Amino acid sequence: MCRILASKEGATQEHIIADAMTTTEWSQQPGHQESSLSQSIYISIFATASARAPLVRMSPKHVVFKKVSRDKSVAVYMAKRDFVDHCDFVDPVDGVIVIDPVQLKGKKVYVMLSCTFRYGRQDMDVMGVAFRRDLFVVTRQVYPEMQDKDKLTHTRVQQKLLHKLGDNTYPFFFEFPDNLPCSVSLQPGPNDVGKKCAVEFEVKAFCGEDQDEKVDKQSSVRLTIRKIQFSPENTEVAPFADMTFEFLMSEKPLHVKLSLPKETFYHGEPVKANVEITNSSSRNIKDISLSVEQVTNVVLYSNDKYVKSVAKEETDDSVPSGTTLKKEYTLYPLLAYNKDRRGIALDGRLKHEDTNLASSSIVKQEVLKEVQGMLISYKVVLKMMASGMVGSSEVSVEVPFKLMNPKSEPAKDSEPDDMVFEDFKRAYLKGVFYGDDDESPAEA
C-alpha cells in the first residue's frame, strides 16, 4: 500500500482522499491486523502526497434550461426559471429559440409572455363570467427576424447561446411592467381536479401563419415561470399591540401586550412573539394559544377571503387573578407543515417543489389592488380564555408582520465558462392533479 500511494504522488487531492478511504476500509476487513508502524507510514505518505497534490478547481458552469416542441420545430433555451421583483426593478425575461426550417414549412415563429389570473376551472364559466383573465400579454415575432440579432441580444448568456447553438438560433427579450403581481396560487386539496386559484406567468413559443391563429400543441412550447419578490430594506419598526380588557363585575382590567422583534421575517425563519399579561381582573386566564394566520384576499372577480393558520402553539400556561406572565413563544410558519392543507397560498404553483408559503404582497404606489389578483398578508394572533363566576369569554390580540424572501444582490451579467443544458421541468408532487394544458410530466 505504501508503494501505491507513493506512485500517486502527483495525483489530485480527490484521488488521494479516495485512496485513503479505500485503505481504511481494507484495514477494517475481518482477520486483518496492522501494526502501528504501518499506520504511521500510511499517514506520513498520505500527508506528504496531499501537500504536494495540486488543487484542481472546477470551472464554473451555467445551467441553461431547455424545452423542445413535440414535432421538434422549435426549442426554447432560458438561463433561469424564477425572476425577481427587486421593488425598484424586475429581472427581464430573456432567452433564445432554436428553429428547424424544414419542420416549420415556411411558417413564422412567435414568442409570448403572459400573466394570467385563474379562479376555478375553465369549464365552470357561469352566466358569461370567465374564470380566467389575462392581466398581461405581449407577443413578438422571432422568425423571420424583424431586427438584426445584435439589436435583440441583451445579455452575454444570449450571446454565448447564439454562438453555441448555430445560425438557426434567435434571441428574445421581455421586460415586466411595474403593475404586475407576483406568482401565487392556492394549494389544492388531495382530491381536487382541474385549475386552482392562481396568478401564473408563462413563456410560450409557437409557429403559425400569423400570431392570432389557433396554436398547434405539437409545434409549440409552454414554460411556466415564476415572478417572486424580495424583501425591501428592513425597517427598525418592531410591531406590537397593547390592549386593555374590562369584564363585568370586575373592578380592575386585564392588560395584554403582544410584540414581535421585527416587522419582516424570512421564509424558514422562526417567528418569535413576546407576550406580557398583567391580570388585575377577577377572572382567571387559561388556554393560551398563539398562531400565525395567512390571510388571502381575492380582489379580482370577488371579495373572497381565506384565513388559514399556518403555525400554531397551544400551551398549558395560565394567569390567575392578580398575577402576571411574561414569556417568549416561537412559531414555525413552514410549507413543510402545511402541504396537505387545501387553500394555503404559495409562491408559485404546488407542482414546483422548490417553493414556499406565499410572500406578503407589497402593492406599489399608484397600482390598483384589483390588478394584483390576490393579496397575501400575515399576522400573529394571541388567544386566551378569561373565566370567572359569570361565565367565560375569549380574548384575542393580533399583530401584523411580513413574511418574505431575503433581498439579494442583482445577478451580475458575467459570461459563464461552460454551459450545462437541463430539461425545463419542475419536480412533481405526488397526489397533485394537473389540467390538460399544464406541463405534465410526460411533456416536461
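For the structure itself, look to the data block above.
This is a predicted model, so every value here is computed, not measured. (Residues numbered from 1 in each chain as written. Predicted model: local features only at pLDDT ≥ 70, side-chain atom pairs only at ≥ 80, totals over all residues. Heavy atoms only, no water.)

## Brief notes about helix 6 (residues 156-165)
Threshold: Type-normalised accessible area, obtained with a 1.4 Å probe on protein chains alone, sets the label of each residue: buried when under 20%, exposed when over 50%, and partly exposed for intermediate values. Helix and strand definitions here come from DSSP, where helices need a minimum of 4 consecutive H or I residues and strands a minimum of 2 consecutive E residues; each element is numbered from the N-terminal end. Relevant arc is that of directions from the helix axis to the C-beta atoms, nothing else.
Among all positions in helix 6, only Val-157, Gln-158, Leu-161 and Leu-162 are buried. In an axial view of helix 6, the angular spread of the buried residues amounts to 135 degrees, which keeps them on one side of the axis. Gly-166 sits one or two residues past helix 6 and shows a positive phi near 100 degrees.

## Notes on empty space enclosed by the protein
Short version of the rule: Grid spacing is 1 Å over the protein atoms alone, the probe is 1.4 Å, and a cavity is where that probe fits but cannot get out, while a pocket is an open set with protein on both sides within 12 Å along at least five of seven lines and lining residues have an atom within 4 Å of a point. Grid points are joined across faces, edges and corners, and a volume is the space filled by probe spheres set on the points. Three residue categories are used. Nonpolar comprises Ala, Val, Leu, Ile, Met, Phe, Trp, Tyr, Cys and Pro, charged comprises Asp, Glu, Lys and Arg, and polar comprises the others, including Gly.
Following the criterion strictly, the structure yields two cavities of 30 Å³ or more and no others. Around the largest cavity, the lining is made up of 23 residues, and of these Pro-181, Cys-182, Gln-229, Ser-361 and Ile-362 lie nearest the centre. Of all the secondary-structure elements, those providing two or more residues to the lining of the largest cavity are strand 10 (220-229) and strand 19 (374-388). Residues belonging to the lining of the largest cavity are distributed by class as follows: 12 nonpolar, six polar and five charged.

## Overview of the pattern of salt bridges
Here is the rule: Take a side-chain nitrogen of Lys or Arg and a carboxyl oxygen of Asp or Glu: if they are within 4 Å of each other, that pair is a salt bridge.
In this structure the tally under the stated criterion is 11 salt bridges. One salt bridge connects Glu-263 with Lys-402, and the closest N-O pair in it is separated by 3.0 Å. Here Lys-402 lies in strand 20 (residues 391-404) and Glu-263 lies in the loop between strand 12 (254-259) and strand 13 (264-266), a separation of 139 residues in the sequence. Classification of Lys-402 as partly exposed rests on a relative accessible area of 26%. Put simply, Glu-293, Lys-379 and Glu-398 are held in one network by salt bridges that share partners.

Such coordinate-based values are descriptive only and should not be taken to indicate function.
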